[in-house]
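Structure at a glance
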Amino acid sequence: MATLEILNVTKRFGRKVIAVDDISLEVHDQEFLVLLGPSGCGKTTTMRMVAGLEEVTEGTILIDGVDVTDLPPRKRNISMVFQNYAIWPHMTVFENIAYALRLKHMAKSEIDRIVREVAGMTNIGEYLERLPAQLSGGQQQRVAVARAIAVSPKVFLMDEPLSNLDAKLRVSMRTELKAIHASAKATTVFVTHDQSEAMSIADRIVIMRDGKIIQTGTPEEVYEKSANLFVADFIGTPPTNFFDVTLQKSNGTLHLVNPHFDLSLDAANTARLNGYNKEQLVLGVRPENIVLTSEKDSIMGMTALVVEPQGSHQVIAFKMDEKMVKVVAPSQPKPDMGSTIHLNFSQGTLRFFDPETTFAIGD
Amino acid sequence: MAATKPKSLRKKLEKATPYLLVLPVVAYYAIFWLRPVIAVVIGSLTDANGALTLHNFAMVLNDEKFWPAFNNTAIIVVASVTIEFIGALFLALLINRKFFGSSIFLFLTLIPMALPAVATGAMWITGFTAHGWLNSLLYYLGFLAEGDKIYWLGGLEANTFKLLVLVILVDAWQVIPSMMIILLAGLQNLPEETKEAGYVFGGNYMTVLRKITMPMLRPTIQTAVILRLISAIQIWLIIVLLLGFGRLPVLVERIVYYHEEVPGLDISYQMSAGYTIIVSVIVSLTALVYLRASGAFKKEEAA
Amino acid sequence: MNRKTKKTVYKAVKETIFYLFVTGLIGAMLLPVYFIISLSFLSTREAYRYPLPLVPALQTKFEMTHGERGYLLSVYDRVEKDYQTVLDTSELEKMEVYIKSQLGTSISQEEIQAEMDRLDDSGEDSIFFTKPRNLLYNYDTFFKVTRDAVPALIRSLEIAALTILISITIGGLAGYAFARYIFKGKDALKFSVLFVRMFPGVAIALPMVIILAKANLYDEPLGLSLIYSVGAIGLTIWITASIFMGIPESLEQAAQVFGATKFQAFMRITFPLALPGLAASAMYTFLGAWNETVGAIILTQFKPTFSVVVYQTLLGASGQVNLAAAGGIAMALPAVFFTFFIRRYINQMWGGVTV
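Note that the structure is predicted; figures quoted are calculated from it, not measured.

Secondary structure summary: chain A contains nine helices and 22 strands in total. Principal axes of the C-alpha set define a box for chain A whose edges measure 80 × 45 × 35 Å. Put simply, chain A has 363 residues, and 39% of those count as buried. Within chain A, residue pairs in contact and separated by at least 24 positions form 66% of the contacts whose partners lie at least 6 positions apart.

Bringing the overall build of chain C into the picture now. Looking only at helices and strands, chain C features 15 helices and four strands. When its C-alpha atoms are laid out on the principal axes, chain C stretches across 95 × 85 × 40 Å. Sorting the 355 residues of chain C into buried and exposed places 46% on the buried side. Taking the intrachain contacts of chain C between residues at least 6 apart in sequence as the baseline, contacts between residues at least 24 apart amount to 69%.

Residues and elements named next belong to chain A. Pairing in this open sheet of six strands is antiparallel, and the strands run β13-β12-β11-β14-β21-β22 from one edge to the other. Of all the strands in the sheet, just β13 (261–264) and β22 (360–361) have a single pairing partner and so form its edges. Sheet topology note: the strand β11 (residues 241–250)/strand β14 (residues 280–285) ladder contains six bridges and is antiparallel. Across the sheet, residue Val245 finds its bridge partner in β14, namely Leu281.

Entries for chain C in the domain assignment read domain 1 (2–41), domain 2 (47–135) and domain 3 (142–350). The C-alpha-based centres of domain 1 of chain C and domain 2 of chain C are spaced at 41 Å.

Residue and element names in this part refer to chain A. The antiparallel open sheet is built from four strands, whose spatial order is β2-β1-β4-β5. The sheet is open, and its two edges are formed by β2 (17–27) and β5 (66–67), each paired on a single side. Sheet analysis places strand β1 (residues 4–13) next to strand β4 (residues 58–63), joined by five bridges and oriented antiparallel. When the bridges of β4 are listed, Glu5 appears paired with Leu62.

Turning our attention to helix α3 (residues 108–121) of chain A. Each full turn of the α-helix corresponds to 3.6 residues, which orients residues three or four apart in the same direction. Residue and element names in this part refer to chain A. If you check α3, its first and last C-alpha atoms are 20 Å apart, about what 14 residues at 1.5 Å a residue would give, namely 20 Å. Listing the buried residues of α3 in full gives Ile111, Ile114, Val115, Val118 and Ala119. Buried positions in α3, seen along its axis, are confined to an arc of 130 degrees and lie on one side of it. Exposed and facing more than 90 degrees away from the buried side of α3 are Ser109, Glu110 and Gly120. Buried residues along α3 sit against α2 (93–103) and α4 (137–150).

Here we take up the packing of helix α6 (residues 149–180) of chain C against helix α13 (residues 306–315) of chain C. Residue and element names in this part refer to chain C. The interhelical angle for the contact between α6 and α13, taken along N-to-C directions, is 140 degrees, at an axis separation of 7 Å. In terms of orientation, α6 lies oblique with respect to α13. Together, Ala149, Ala152, Leu153 and Ser156 of α6 and Phe306, Ser307, Val308 and Val309 of α13 make up the contact between the two elements. For the contact of α6 with α13, the per-class residue count stands at six nonpolar, two polar and no charged.

Residue and element names in this part refer to chain A. When the terminal C-alpha atoms of α4 are compared, their 20 Å separation across 14 residues agrees well with the 20 Å that a helix rising 1.5 Å per residue should span. Burial analysis of α4 places 11 of its 14 residues in the buried class, which makes it a mostly covered element. On its buried face, α4 sits against β6 (78–81), α2, α3, β7 (155–159) and α5 (167–184). In the stretch just after α4, Ser152 is the one whose phi turns positive, near 40 degrees.

With that settled, consider the confidence of the model for chain C. When the pLDDT values of chain C are averaged, the result is 89; 98% of them are 70 or greater. Prediction confidence for the complex, expressed as pTM and ipTM, is 0.86 and 0.87 respectively.

Residues and elements named next belong to chain A. Note on placement: Gln215 falls in strand β10 (residues 212–217). Looking at Gln215, the number of C-beta atoms within 10 Å reads 22, which means it is buried. For the pair Gln215 and Asn251, spaced 36 residues apart in sequence, the C-alpha to C-alpha distance is 37 Å. Sequence-distant contacts of Gln215, that is, excluding residues within four places in its chain, are made with Ile207, Val222, Ala227 and Val231.

This part takes up the interface of chain C and chain B. With 69 residues of chain C in contact, the opposing surface of chain B contributes 69 residues. Among the elements that line the side of chain C that touches chain B, the one with the most residues is helix α14 (residues 321–342) of chain C, at 11 residues.

Note on interface size: it is often stated as the accessible area lost on association of the parts. Residues and elements named next belong to chain A. Domains assigned within chain A are domain 1 (4–234) and domain 2 (241–361). The gap between the C-alpha centroids of domain 1 and domain 2 is 39 Å. Contacts between domain 1 and domain 2 engage six residues on the former and seven residues on the latter. Partitioned by chemical class, the residues of the side of domain 1 that touches domain 2 number four nonpolar, two polar and no charged.

Residues and elements named next belong to chain C. Take Met283: it is sitting in helix α11 (residues 262–291). The exposure class assigned to Met283 is buried, which follows from the 23 C-beta atoms found within 10 Å. A sequence separation of 119 residues divides Met283 from Ile164, and the C-alpha atoms of the two residues are 8.1 Å apart. The contacts of Met283, once residues within four sequence positions are left out, are Phe338, Phe341 and Ile342.

Analysis parameters
- Residues numbered from 1 in each chain as written.
- Chains lettered and ligands numbered in written order.
- Predicted model: local features only at pLDDT ≥ 70, side-chain atom pairs only at ≥ 80, totals over all residues.
- Helix = DSSP H or I, 4+ residues; strand = E, 2+ residues; numbered from the N terminus.
- Buried ≥ 20, exposed ≤ 12 C-beta atoms within 10 Å, placed from the backbone.
- Contact = placed C-beta atoms within 7 Å.
- Pairing = 2+ DSSP bridges.
- Domains from an automatic or database assignment.
- Expected span 1.5 Å × (residues − 1).
- Arc of directions from axis to C-beta.
- Axes fitted to C-alpha atoms, helices over the stretch in contact; angles between N-to-C directions.
- Parallel < 35°, antiparallel > 145°, perpendicular 65-115°, else oblique.
- Nonpolar A, V, L, I, M, F, W, Y, C, P; charged D, E, K, R; others polar.
- pLDDT = per-residue confidence, 0-100.

So this is what it looks like as structure tokens:
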């Protein structure tokens with residue numbers, strides 16, 4: 001298989017618009033890498049530059065150490081699943097999958113074997129003689145995937161491949177794609193704006209914003225060690241809760257103070273903030289790290305505004321200074337809407353951010 | 001270094017692709033349009049001996065038929081574009097309702113567009129003669145007494161106004177379909193939901209048409225009208241087929257008249273060249289004014 | 001129940017009124033076409049009658065009596081509702097020619113002789129007989145008698161084909177560029193399509209006589225198609241651009257990713273998908289080239305197009321309205337036939353076109 005390296009790549013449209021701003025990135029052999037970001041962040045442009053569909057303004061792209069920056073798509077040994085599938089409507093499923101193989105002048109029997117093999121992998125074996133118009137959205141999606149894996153590419157590109165499917169199908173295709181990747185073992189770059197999709201499918205996530213890479217890491221890393229406010233907010237549903245707090249010192253312990261609570265930090269957290277000498281801080285707490293406790297163990301009592309039972313757990317929302325705070329708690333005990341709930345934070349998972357730079361502190 | 005050479009060539013070629021694609025058109029226009037146009041422009045600016053002069057235009061403006069031709073053309077343009085637009089829009093809205101049989105209806109309405117000018121000419125000539133099918137039909141329907149005839153194109157009462165009305169109607173009959181298909185395509189490409197939203201929020205057919213459909217259709221209307229406007233100013237063939245030269249002078253008819261009908265005169269070529277240039281200027285100015293007034297330039301300025 | 005029936009009745013009435021209206025509308029629109037078709041089937045004698053018969057007769061009724069010079073032939077006149085004497089002769093050939101050419105009726109000399117014998121044998125004053133009309137007589141005559149009709153028809157087809165070829169290749173390339181690329185001068189070129197139409201086409205044809213003569217293309221089909229293409233290319237650009245815009249670029253890009261060159265991707269993916277629309281565009285061009293008359297009058301001399309031949313039949317001294325009508329209808333047939341197909345592609349062709 002192969003590695004993919006993106007070195008100091010920039011893409012400008014015209015003179016002014018910078019879509020991708022000097023990014024560097026390495027995708028390891030057989031890795032499933034997800035480019036994640038809101039729309040317009042440059043993730044699709046980055047992928048299209050890797051595919052050769054978009055010209056690179058500056059920088060270099062290497063596949064297996066070979067400079068492909070100026071090669072046309074067909075010479076890059078890649079394959080791609082397009083957002084709208086881009087399966088050819090005038091060709092049968094079989095012809096769609098076989099087209100690339102024919103261009104490689106493969107023997108007829110070999111083409112036949114490969115098509116049937118990938119069709120089996122993607123469960124479309126029975127539709128080979130149909131035209132795309134006769135298939136459902138999910139089946140078209142499978143054809144696009146089958147076509148892409150048939151060529152055994154060095155790098156496998158997927159541009160929001162699941163975004164046109166309905167919610168339920170999207171989740172099941174996600175699992176299937178992961179399984180296909182496990183058996184095909186292709187180096188994969190997957191673009192999406194859906195963070196839960198990224199979390200569930202990726203070996204490693206690259207989070208982009210405004211043409212820049214904000215953070216690279218495993219799903220656990222970007223979730224637990226979000227590099228800045230943007231990532232902490234973007235990753236996870238419900239997102240991280242942020243509290244503007246003031247740092248106060250008394251008797252050698254640090255307190256994070258806010259009109260609603262006064263949190264005295266434990267030794268480990270105090271140590272983390274050792275080098276920080278500003279007065280203001282943004283405290284980030286994941287919804288599942290706000291815990292319901294007895295009144296005596298709590299640091300604040302708030303009014304439960306909305307309680308949403310989810311079966312396995314419940315989401316409780318309360319309002320603090322016009323901002324909605326969400327808590328993910330075990331399904332029992334269930335507070336009544338409008339009742340007072342007593343809350344504390346679990347100290348081992350607190351995140352601190354510098355309000356001026358937005359970066360995380362104390363990692 | 002050697003490795004970078006083919007890459008830059010490929011890049012250059014890629015950049016040049018759109019220009020290479022439009023090059024044939026530009027070359028074609030240069031040879032088969034610009035060259036004859038220049039020849040006419042030169043012809044309009046030179047006298048019979050080849051000396052530079054503006055006298056030709058003076059001759060055209062002093063031609064006794066120039067102002068009648070100008071006025072007739074103006075009346076035909078205003079009336080026919082209006083009538084044709086309303087008729088085309090009506091038909092397009094009707095066909096867009098997609099009733100049972102609307103596809104065949106569409107085909108039938110397109111027939112006038114498909115008929116060659118000579119066929120329509122034959123049709124109206126045989127219709128408008130005193131013993132033609134139009135009078136016959138009126139007779140059978142009881143509108144005409146036996147022995148009574150309407151002299152559509154001739155006779156003593158054949159005044160300019162009557163001829164203009166006939167020409168405008170005949171022209172509309174043939175032209176409405178080609179305008180209609182442009183409007184129909186525009187209508188069919190409007191998202192159905194926008195209209196439905198209009199109805200949901202309390203609009204009736206007319207308000208939805210006026211407040212939603214028409215504004216959204218505006219780019220299409222501009223296209224249809226500008227194409228029609230340009231060719232309406234150049235109307236002449238149907239007039240000559242029906243009436244011959246000179247009875248209802250219009251601008252382009254004068255070009256052909258001087259070139260084809262009286263080619264022997266010293267001034268024939270100069271007159272027809274002069275008329276051509278004047279017509280082109282009028283067409284260009286009208287198109288420009290229309291495009292400006294209808295806001296077709298605005299989107300480019302905004303971009 | 002009662003309300004339901006009321007509603008159904010109301011709906012049925014509404015629909016009936018709507019269809020009556022639509023039928024009436026199309027009837028009024030196509031009435032002139034009906035008359036020219038009807039005229040093309042009328043006999044020469046009837047074509048000049050007033051009031052004109054509303055429908056062509058399918059047969060001709062004859063009365064034969066003895067006349068001064070031989071046999072007196074009368075035909076039933078549908079206007080006067082009576083038999084009118086048309087001929088008094090004993091010459092079989094004269095009678096046959098008259099019946100065929102003036103009455104558009106099939107008859108042979110043997111049949112005429114048989115009727116004459118029947119009259120003589122019967123001893124009656126007159127006999128009556130009926131012969132079927134030769135409805136295609138005008139069409140037949142138009143092609144046989146009109147000088148050049150068939151070669152002109154072939155030339156017209158040739159010109160239309162060449163015009164389609166030129167405008168689809170040249171205009172199609174530019175249309176593709178319009179649909180897929182952003183380039184300098186795009187807007188200017190888009191407006192040039194309008195600009196080209198602003199100069200009277202007939203005025204272009206005049207200097208073209210000299211230009212074509214120099215290139216030895218005057219009075220040649222190729223020369224005419226080169227002129228016709230000037231007008232056709234512009235619309236072809238607009239229409240093909242609209243067609244290509246309707247085909248997602250990603251289909252082509254997918255082919256490139258899977259190993260095709262840009263050209264291969266176009267030929268294998270975009271072109272086949274665009275083909276129906278392109279065919280409709282070609283038919284549209286055909287209409288223009290096939291129907292064009294004025295340029296053809298100016299730019300041909302010994303090799304007229306079919307439209308010129310019809311024009312001459314119509315306005316020429318020898319012209320007969322029913323023959324001209326037959327020529328016009330013959331000419332209109334292929335155009336109407338293509339229109340039948342074009343109507344399906346109106347959306348594709350004009351959907352993406354805006355000034």
